[in-house]
Amino acid sequence: MLEDRAALQHEEQIVWTEDVGGFDYVRQSVHRSSATRQKPVAWRGSGRRVGYSVLKSDAPSGETPGKFVRRVFWVKDHDRSEQPNGTYKTSAPSEAVDPRTVAPGVWGELTERAWGGPLPS
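Notes on the structure follow. Treat the numbers as computed from the prediction; the structure is a model and nothing was measured.

What follows deals with the pattern of salt bridges. Enumeration over the complete set of coordinates arrives at eight salt bridges. We note a salt bridge from R48 to E18, for which the minimum N-O separation is 2.6 Å. Here R48, found in strand β3 (residues 48–55), pairs with E18, found in the loop between β1 (11–16) and β2 (26–34); they are 30 residues apart in sequence, far enough to count as distant. Exposure remark for R48: the relative accessible area of 28% places this residue in the partly exposed category. Using a relative accessible area of 27% as the deciding quantity, one classes E18 as partly exposed. We note a salt bridge from R27 to D79, for which the minimum N-O separation is 2.8 Å. Taken together, the residues span a long stretch of sequence, with R27 in strand β2 and D79 in the loop between β4 (68–75) and β5 (96–97) at a distance of 52 residues. Of the two residues, R27 and D79, both sit in the buried class. Salt bridges sharing partners connect three or more residues here, namely E18, R48 and E82.

Rendered as structure tokens:
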């Protein structure tokens, strides 16, 4: 997933709705149509939301008036956290980031821990 710096510039906090301490990776997505700056980001995608960004109270709307650009962190049923010996035992999906590298205004990174071994060249 390409970095989207616009999604980061007004972040104030990352809220984890689950303990991600045991997750090697979470999926990171940008939600462009959140109706709120600070309440939980609605999640209608596959899998389950495990975190989201909170924006500063004066953060401007995105391209659509009244809609805000925020990050969402999520996992699918077949991710390593759910199935350690499954599809992503020694790899990770394209939107995977190590949750330990996520902070307000900081794009998450794919680490060896998130990948499940040495990163591909």
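Picking up where we left off.
Structurally, the position occupied by W74 is in strand β4. In the structure, W74 is positioned 31 residues away from W43 in sequence and 9.1 Å away in space, judged by C-alpha atoms. A polar side-chain atom of W74 sits 2.7 Å from a polar atom in the side chain of S29.

Criteria and thresholds
- Residues numbered from 1 in each chain as written.
- Predicted model: local features only at pLDDT ≥ 70, side-chain atom pairs only at ≥ 80, totals over all residues.
- Heavy atoms only, no water.
- Salt bridge = Lys/Arg side-chain N within 4 Å of Asp/Glu carboxyl O.
- Helix = DSSP H or I, 4+ residues; strand = E, 2+ residues; numbered from the N terminus.
- Buried < 20%, exposed > 50% of the residue type's maximum accessible area, 1.4 Å probe, protein only.
- Polar contact = N/O pair within 3.5 Å; in protein donor to acceptor, adjacent residues only side chain to side chain.

Function cannot be inferred from these measures alone, as they are strictly geometric.
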